[in-house]
Amino acid sequence: MQVSNINDVKIYNLSCGKSLPEWLSDRKKRALQKKDVDIRRRIELIQDFDMPTVSTNIRISRDGQYIMAAGTYKPRVRCYDTYQLSLKFERCLDSEVIKFDILSEDYSKIVFLQSDRYVEFHSQHGRYHRLRIPKFGRDFSYHYPSCDLYFVGASSEVFRLNLEQGRFLNSLQTDGSQINACDINPAHHLFAAGTTEVKYICYIYGCVTWL
């Protein structure tokens, strides 16, 4: 990247610099990157990395190869391949996405929480299953060891959906009128949720604690 300073205004030229030929093998590309500092510091841009209007959520797959973004209008999700630096696919949805998450290493398992109370599960080929939660959702978290999805929203309850059994489990009761956010700590699997009354509920191994 070339940087010039004209009248105290910095101009960044992203297209300037060395590039690697596409016909080179991955082994030769890695060898050139180790030898040449300019190639190692080059900036690569993803083509069509934008949304027509607004992007509301963005996630990166655990293998680091795919970037997924959801936006409006109309409701859609786009998947970008960081290896190919291009748009891999785009899917239009029935309703706006409140939140989504990638459950697999790549983009083969995705779950969407939508504004019409529906939860959609997508695989590589498209929508796999669709169900409705009892109340409007605002956030969710996935607990990998138990395969439980925790949904919170316009209710005092935390709804639990077990993906292995394919059914709802007993929900967690809270003192809050509504719950705005939730998350699970990946180290010790502590589930925490925040209510509209500025309270926090913590849940681990069947024990509930208020903070």
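Residues numbered from 1 in each chain as written. Predicted model: local features only at pLDDT ≥ 70, side-chain atom pairs only at ≥ 80, totals over all residues. Heavy atoms only, no water.

In the annotation of an unreviewed UniProt entry, the entry for the protein reads Nucleolar protein 10-like N-terminal domain-containing protein, and the organism field reads Staurois parvus.

### Brief notes about the sheet that holds strand 9 (residues 118–123)
Strand order across the open sheet formed by four strands is 7-8-9-10, with antiparallel pairing between neighbours. Across the chains shown, the open sheet's two edge strands, defined by having one partner strand only, are strand 7 (97–102) and strand 10 (126–132). Neighbour-to-neighbour, the strand axes of the sheet open up by a mean angle of 20°, direction not taken into account. As paired elements, strand 7 and strand 8 (residues 110–114) share five bridges and run antiparallel to each other. Bridge pairing links Phe100 to Phe112 in strand 8. (Pairing = 2+ DSSP bridges. Helix = DSSP H or I, 4+ residues; strand = E, 2+ residues; numbered from the N terminus. Axes fitted to C-alpha atoms, helices over the stretch in contact; angles between N-to-C directions.)

### Describing the sheet that holds strand 6 (residues 86–92)
Here four strands make up an open sheet; going across it, the order is 3-4-5-6 and the pairing antiparallel. Two strands in the sheet have a free side with no partner beyond their single neighbour: strand 3 (54–60) and strand 6. The mean angle between the axes of side-by-side strands here comes to 20°, regardless of whether they run parallel or antiparallel. Of the strand pairs in this sheet, strand 5 (residues 76–81) and strand 6 are connected by six bridges, and their pairing is antiparallel. Each bridged residue has a counterpart across the sheet, and for Cys79 the counterpart in strand 6 is Phe89.

### Quick look at the pattern of salt bridges
All chains considered together, the criterion is met by eleven salt bridges. Residue Arg130 is joined to Asp116 by a salt bridge in which the shortest nitrogen-to-oxygen separation is 3.4 Å. Placement of Arg130 in strand 10 and of Asp116 in the loop between strand 8 and strand 9 is noted, with a sequence separation of 14 residues between them. By relative accessible area, which is 27% here, Arg130 ends up partly exposed. In this structure Asp116 comes out as partly exposed when scored by relative accessible area, which is 21%. When salt bridges with common partners are traced through the structure, they connect Asp94, Asp116, Glu120, Arg127 and Arg130 into a single cluster. (Salt bridge = Lys/Arg side-chain N within 4 Å of Asp/Glu carboxyl O. Buried < 20%, exposed > 50% of the residue type's maximum accessible area, 1.4 Å probe, protein only.)

### Some thoughts on the side chain of Ser123
Within the secondary structure, Ser123 sits in strand 9. A relative accessible area of 14% means that Ser123 is categorised as buried. Only 2.9 Å separates the side chain of Ser123 from the side chain of His125, close enough to count as a polar contact. Setting aside residues up to four positions removed in sequence, Ser123 forms contacts with Arg91, Ser108 and Tyr128. (Polar contact = N/O pair within 3.5 Å; in protein donor to acceptor, adjacent residues only side chain to side chain. Contact = heavy atoms within 4.5 Å.)

### Some remarks on a nonpolar patch on the surface
Nonpolar side chains collect at one region of the surface, where Ile6, Val9 and Ile11 lie side by side and expose about 250 Å² of accessible area between them. Relative to the assigned elements, Ile11 resides in strand 2 (residues 9–13). You can call Ile11 partly exposed: its relative accessible area is 40%. (Patch = residues over 30% accessible without salt bridge, like charges linked within 9 Å, V, L, I, M, F, W, Y side chains within 5 Å. Areas by Shrake-Rupley, 256 points an atom, 1.4 Å probe, with all protein chains shown as cover.)

### Remarks on the packing of aromatic side chains
This structure, assessed with the given rule, holds seven aromatic pairs. Ring centres of Tyr66 and Tyr107 lie 4.8 Å apart, and the angle between their planes is 75°; this geometry places the pair in the edge-to-face category. Of this pair, Tyr66 sits in strand 4 (residues 66–72) while Tyr107 sits in the loop between strand 7 and strand 8, placing them 41 residues apart in sequence. Among the aromatic residues, ring-to-ring pairing joins Tyr66, Phe89 and Tyr107 into one connected group. Seen from the ring of Phe140, Lys99 lies directly overhead, with NZ or CZ sitting 5.4 Å from the centre. (Phe/Tyr/Trp six-rings, centres within 6.5 Å; stacked < 30°, edge-to-face > 60°. Lys NZ or Arg CZ within 6 Å of the ring centre and 35° of its normal.)

### Examining the pairing of strand 10
The sheet contact formed by strand 9 and strand 10 spans six bridges and is antiparallel. Its bridge partner lying in strand 10, Val119 is registered against Leu131. Counting the residues in the hairpin turn of strand 9 and strand 10 gives two residues.

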